[in-house]
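Given next are the chains, with one letter for each unit.
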2 protein chains.
Amino acid sequence: MVIVGAGFGGLMAAPGLARAPVDVLVIDRHNYHLFQPLLYQVATAALSPADIAEPIRAVLRRQRNTTVLLDEVIGVDRAARAVETRSGRPQRYDWLILATGSRYNYFSHDDWPSLAPGLKSLDDATLIRRRALLAFEEAEAASEPALRQRLLTFVLVGGGPTGVEMAGALAELAHATLSRDFRNINPQTARIILVEAGPRVLAGFPEKLSAFAVHSLERMGVEVLLGTPIEAIDDHGVTAKGRRLEAANIIWCAGVEASPVAQWLDLPAAKGGRVQVAPDLSVPGHPDIFVVGDAALVAGPGGEPLPGLAPVAKQQGRYVGELIARRARGDTMPPPFRYRDQGALATIGRHSAIADFGWIRLTGFVAWVIWGIAHIFFLIGFRNRASVFLNWIWAWATYGRGARLITGEVTTLAPESGLNRPHDA
Amino acid sequence: MVIVGAGFGGLMAAPGLARAPVDVLVIDRHNYHLFQPLLYQVATAALSPADIAEPIRAVLRRQRNTTVLLDEVIGVDRAARAVETRSGRPQRYDWLILATGSRYNYFSHDDWPSLAPGLKSLDDATLIRRRALLAFEEAEAASEPALRQRLLTFVLVGGGPTGVEMAGALAELAHATLSRDFRNINPQTARIILVEAGPRVLAGFPEKLSAFAVHSLERMGVEVLLGTPIEAIDDHGVTAKGRRLEAANIIWCAGVEASPVAQWLDLPAAKGGRVQVAPDLSVPGHPDIFVVGDAALVAGPGGEPLPGLAPVAKQQGRYVGELIARRARGDTMPPPFRYRDQGALATIGRHSAIADFGWIRLTGFVAWVIWGIAHIFFLIGFRNRASVFLNWIWAWATYGRGARLITGEVTTLAPESGLNRPHDA
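Owing to the predicted nature of the structure, the values given are computational and were not obtained by experimental measurement. (Residues numbered from 1 in each chain as written. Chains lettered and ligands numbered in written order. Predicted model: local features only at pLDDT ≥ 70, side-chain atom pairs only at ≥ 80, totals over all residues.)

Participant: Any chance you could explain the sheet that holds strand E17 (residues 249–252) of chain B here in plain terms?
Facilitator: Whether parallel or antiparallel, the strands of a sheet pair through hydrogen bonds between backbone atoms. All names here are of chain B. Pairing is parallel across the open sheet formed by four strands, whose spatial order is E13-E12-E11-E17. On the outer flanks of this sheet lie strand E13 (222–225) and E17, each paired with one strand and no other. Between one strand axis and the next, the sheet turns through 20° on average, direction left out of account. With four bridges connecting them, strand E11 (residues 153–157) and E17 associate as parallel partners. Of the residues in E17, the one forming a bridge with Phe 154 is Asn 249. Sitting on the sheet, helix H7 (residues 161–177) is in contact with E11, strand E12 (191–195), E13 and E17, with an inclination near 175° to E12. (Pairing = 2+ DSSP bridges. Helix = DSSP H or I, 4+ residues; strand = E, 2+ residues; numbered from the N terminus. Axes fitted to C-alpha atoms, helices over the stretch in contact; angles between N-to-C directions. Contact = placed C-beta atoms within 7 Å.)

The structure is reproduced here in structure tokens:
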């Protein structure tokens, strides 16, 4: 059987199959499992890529019936019961779990992805880190005040968890970490602007918590613009609700859509490109194909669709893994999938987070400590946990950020700033 | 005054100038100081880039008379007393310290750099890491035995410290870390071949220690070919002394040459492209220009040129910084520069290193422990020290390597292996 994608959903499907009479093939286009909830900390130089990524092979090493393959799935051939891959080698399946997640949705603006990079992969994170750090360097070298201010302005498009976390982390980077490192500019004058089209940030949380987040961000110096849809993006800034914001760094934290699973399966895509699945998470009419995680549309207890969050993907992956193991053994079927809501957390910055456990809602320092403990706990790998913990303690004590590196191909954000540096010779 | 390059030489020149009546400008084309002696551990997935790099601004933050500029120096205009930069903004100097280090020398083979990447920068290291890890992935996917063996063969060109350390680290990666992670290949069958044109490895050490290193490498499964000059390199392997070695990964660890300082100064280049300097490390005829580190040719106590090693650069940088501070204050001149040899260390692998302190020579476990302590001690930054220490303890206990990530643009090593993966969408 084949599992496509080693994110939270795919990886959690594997353990249940470890002792089942099946051969498991896990295909992913990266060689690592990525702990996406902390990706924004890589983008803002607090953590290194390796701190939040674990080789898939290392995770599944002891599961002897499981093989890992680095390849990219590009389609499903249901007649041949095989997935099609970038390498041209189809992989046959008897059972198939599609756990391919989601990707950014730029709403058909083809030029926006390059102007406003999103934050989904490690390469995205190091690109955003490079561009953010480079902006301060170019501003330090620039002499024209308007150019300087443009270089020191960051626009975050979208007030979901990623937008809020990025805004808080960038504010800390500019206002604390870098504050004494420059001579010609004052990084504390950097503007961090969070632009949200809807009426509030963190729409998945209760209204009171959203309001707390805005208050908390504003205290950190972030400008929050609500009810402000983005109309245009160019390489000098954005236009939002008729208002012009000059900015060298625009980061896309807005809508996502499911990976093209519906297209692969020749099915109509539901809201957000997702695939409507049966109560056992199989694809209607194809009891041997399952979709879990962000790409699956599953109704929650209240009838509304479950959100694209890690706990949802993990519970679905675990459920399907066990279901297939039971079928392979000839056991009885489990009851339909039911999501157990364990609460939601979002962090805003140093000493500030929000938590909603249904029966209790927390804000501020207590929520921040719970957030930290939960994220260390859910990280895979002892080394990663220890390293993230060490980095956080150090950052907390010193306001430092351990990964302030401009690496990779370096290009300028503003040609007129004079810095136009080629790749290393 | 201007310091070009924030490697060991440039960075050590700064503290002596902290209280001198001068304005100091440090120019580097990267935003970080790189601890090059551990770069091979990044290339072999043991450490993350941020573990061995520290932002130059953070290092010099408290030195109020010092400004840091991200830019690349491309020449010196002695008439105008200014350095020319990539950005087009010349920077005037009254005193100038050139600490620009060295780069790989491919002896006029223009196609070799892309076929056999060298290990000088962080981007080099992540490129080599990517290619090495990708070779195992492609071998796992390949079915043809000859292709598999080519993908699992690594040729290291040059038996200096980098070649020896890379060979040992790659042997550990293949034979220990990855040994249980694959199903179709046995990483223990990977061949690591160290090819040296001269009669022995680590030519800077006494012969007995070189022999120990070869013995130690061979016990780790490395093939050492001495007296074997490379004649040709192509994308399928190398030809060395008439012998064909099929290899997907060829890594250049051979000769280096000085950065083009002699050319900038319109001076004849001495051996290795270096600039012959006066006893006070100034450029003859230009008492206001100093060259330190790999780019300077300075005679040691026995008359032979001092090697291009970190301790040499550091002592020279410190000497020139203090000399300029004295001159600026109108103090007496210091005596000519004299190198204090504190011994040399090279590591081969787990539990094995060599140390030469002149009065005592050590091999094996004791030398390995000294090597580890010395490298932790010389790292800049508490966070880096703690992180490297943590990673080493973990690697020692588990044979794991914490940074096994294939990141950046991924291309195939062998198109016929089928893996030909484009950039992330």
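Participant: I'm lost on the sheet that holds strand E24 (residues 352–356) of chain B in this one. Help?
Facilitator: Residue and element names in this part refer to chain B. The three strands are arranged E23-E24-E25 in an open sheet whose pairing can be described as antiparallel. Only two strands of the sheet have a single partner each, and these edge strands are strand E23 (344–349) and strand E25 (361–364). Pairwise comparison of adjacent strand axes, ignoring direction, gives a mean angle of 10° for this sheet. The sheet contact formed by E23 and E24 spans five bridges and is antiparallel. Looking at E24, one finds that Thr 347 is bridged to Ala 353. Strands in contact with helix H8 (residues 207–219) are E23, E24 and E25; relative to E24, the strand with the most contacts, it is inclined by about 175°.

Participant: Can you walk me through the relation of the copies chain A and chain B in this structure?
Facilitator: Copy one and copy two of the chain differ by a rotation about an axis and a translation along that axis. The operation relating chain A to chain B is a screw motion whose rotation component is 180°, with 0.0 Å of axial translation and a residual RMSD of 0.0 Å. A rotation of that kind, with that shift, is consistent with a two-fold axis. Same-surface contact between copies: 98% of interface residues of chain A are shared with the interface of chain B. (Least-squares fit on C-alpha atoms with pLDDT ≥ 70 in both.)

Participant: Explain the environment of Pro 55 of chain B to me, please; I cannot follow it from the model alone.
Facilitator: If you trace the backbone, Pro 55 of chain B turns up in strand E4 (residues 53–55). By the C-beta count within 10 Å, which is 28 here, Pro 55 of chain B ends up buried. Counting along the chain gives 22 residues from Pro 55 of chain B to His 33 of chain B, while the straight-line C-alpha distance between them is 6.1 Å. Once you skip the residues sitting within four places of it in the chain, Pro 55 of chain B turns out to touch Arg 404 of chain A together with Asn 31 and Tyr 32 of chain B. (Buried ≥ 20, exposed ≤ 12 C-beta atoms within 10 Å, placed from the backbone.)

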